[in-house]
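Read off the chains here:
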Amino acid sequence: MASGGQQFERKRQRKRPKNTQQEQEEQKTSLIENADKMSPVVSCFVKFQQELDCKYDKYERLVKLSRDVTIHSKRIIFVLQRVAGIDDREKIFTEVKEKFDAVKLLLKSIALELQGDDPYLFLRAYSPGLQEYVEAVTFFNYLKNSSLISFEELSSDLTFKDEENSVNLEINPFDYILGVADLTGELMRLCINSAANGDCETPFKVCNFLRNIHEAFLSFGNINRDLSSKIRVLRSSLGKVESACYTLQVRGSEIPKHVLADVLGKSADIKGIDIDEL
C-alpha cells in the first residue's frame, strides 16, 4: 500500500500539464530554427513575413501621421473661430497660414510613405486626418472668400515639389465630401458666435450657404452609412442656424446684446455646447 507522500506525488504529477505555454513556444522556436531554410516553401513564407511586417509598420506610421494632421487641423479651426466679431481678420489669417505650412509637411510625409504603393490599401490609416484637413481648409476658404473650395483646387494644393522630385498625395473624393459635411458644424458655431458679437449679417449668409450644401448632399442619396450619418448632422446644424436666424429676424431688435447668445442658444436648442466657449 502506497504511503501518503507517494499518493500526493502521484496526484501532483497528474495535475501538472504536459506542456506549458513556455515549453510550446520553445518547441515552435526550435522547429523554426531547425527548418531547412533552403526549402522553397520556407523561403516563400519568410518572404511573406517580411512583406507583412513592412506593411504593418507603414500602416502604423500613417496612423501616427494622420493623428498629428488631425490635431493640427483642429487647432487651426479653433483659431479660425476667433474671427467672429473681429474687423481685422488678416492677422488671424496670417497666423493660420503658418499653421497650414506645418500640416502640409505632415501631408508630404504621408505622400512619401505612400509613394510606390496603392494608396487605397492604407486609406483607413490616414483618411481621418485628411477629412479633418479638408474641414480646416474649406472653413478657411469660406471665411476668406465666402465660397466652397473645389475638389480640383484642393487636390492641386497637395502636390509637393522640391529640387529632387515631385510627390502627390491623392485625396479620395469621398474624404472631400465627408470633410465638407463636417464643415457645417463649424459654420453653425460661426453663426452663433457672430450673432453674439452683434454681427447680424453673417448668420443669414451662413444659412443660405448651408442650404445650398444640404441640397447638394441630398442628391447623393443613401450610398454610405458614414454619409447618411453626416447628412443627419448637417440637417441638424441647418435647423439650428435657421432657428437662430428666425430669432434674429423676429426678436433681434428687442433682445439686448449681452443676452443675445443665451437666447440664440436656447432658440436653436444647442445641446451639449457651451456658447461661451465657442
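Higher on the page you've got the structure.
What counts, and at which threshold
Residues numbered from 1 in each chain as written. Predicted model: local features only at pLDDT ≥ 70, side-chain atom pairs only at ≥ 80, totals over all residues. Heavy atoms only, no water. Helix = DSSP H or I, 4+ residues; strand = E, 2+ residues; numbered from the N terminus. Buried < 20%, exposed > 50% of the residue type's maximum accessible area, 1.4 Å probe, protein only. Contact = heavy atoms within 4.5 Å. Areas by Shrake-Rupley, 256 points an atom, 1.4 Å probe, with all protein chains shown as cover. Core = buried A, V, L, I, M, F, W, Y, C linked by side-chain atoms within 4.5 Å. Axes fitted to C-alpha atoms, helices over the stretch in contact; angles between N-to-C directions. Parallel < 35°, antiparallel > 145°, perpendicular 65-115°, else oblique. Left-handed = near helix turned anticlockwise from the far one by under 90°. Nonpolar A, V, L, I, M, F, W, Y, C, P; charged D, E, K, R; others polar. Expected span 1.5 Å × (residues − 1). Salt bridge = Lys/Arg side-chain N within 4 Å of Asp/Glu carboxyl O.

(A) Structural context of the overall build of the protein. Helices and strands together make up the secondary structure of the protein, namely 10 helices and two strands. Starting at the N terminus, the α and β elements of the protein follow one another as α-α-α-α-α-α-β-β-α-α-α-α. Looking at the protein as a whole, 37% of its 278 residues are labelled buried. In the protein, of all internal contacts separated by at least 6 residues, the share reaching a separation of at least 24 is 72%. For the protein, the accessible surface area stands at approximately 17300 Å², while carbon and sulfur atoms represent 51% of it.

(B) Structural context of the nonpolar core. Formed by 63 residues in total, the largest nonpolar core has its most connected members in Leu107, Ile110, Tyr133, Leu169, Leu187, Leu190 and Phe217. If you list the elements that add at least two residues to this core, you get helix 3 (40-80), helix 4 (90-114), helix 5 (123-145), helix 7 (173-196), helix 8 (202-218) and helix 9 (225-251). Broken down by element, this core gets its largest block of residues, 12 residues, from helix 5. Each residue touching leucine 187, except ones within four places of it in the same chain, is listed here: Phe139, Tyr142, Val206, Phe209 and Leu210.

(C) Inspection of the packing of helix 4 against helix 5 at higher detail. One way to put it is that helix 4 packs onto helix 5 with a least axis distance of 12 Å and a crossing angle of 150 degrees. Classed by the angle they form, the pair helix 4 and helix 5 counts as roughly antiparallel. Considering how the two elements wind past one another, helix 4 and helix 5 form a crossing that is left-handed. Taken together, the residues of helix 5 that come into contact with helix 4 (itself represented by Phe93, Val96, Lys97, Phe100, Val103, Lys104, Leu107, Ile110 and Leu114) are Tyr126, Leu130, Tyr133, Ala136, Val137, Phe140, Leu143 and Lys144. Residue composition of the contact of helix 4 with helix 5, by class: 14 nonpolar, no polar and three charged.

(D) Seen up close, helix 5. If you check helix 5, its first and last C-alpha atoms are 31 Å apart, about what 23 residues at 1.5 Å a residue would give, namely 33 Å. With 19 of 23 residues buried, helix 5 is to be regarded as a mostly interior element. Following helix 5 by one or two positions, serine 146 adopts a phi angle in the positive range, close to 55 degrees.

(E) Layout of the pattern of salt bridges. A full pass over the atoms with the stated rule returns nine salt bridges. Arginine 61 is paired through a salt bridge with glutamate 113; the nearest N and O atoms lie 2.9 Å apart. On the criterion of sequence distance, the pair formed by arginine 61 in helix 3 and glutamate 113 in helix 4 is long-range, its members being 52 residues apart. Taking relative accessible area as the criterion, arginine 61 reaches 37% and is therefore assigned partly exposed. Among the ionic pairs, lysine 230 bridges to aspartate 182, the shortest N-O distance being 2.6 Å. Of this pair, lysine 230 sits in helix 9 while aspartate 182 sits in helix 7, and the two are 48 residues apart along the sequence.

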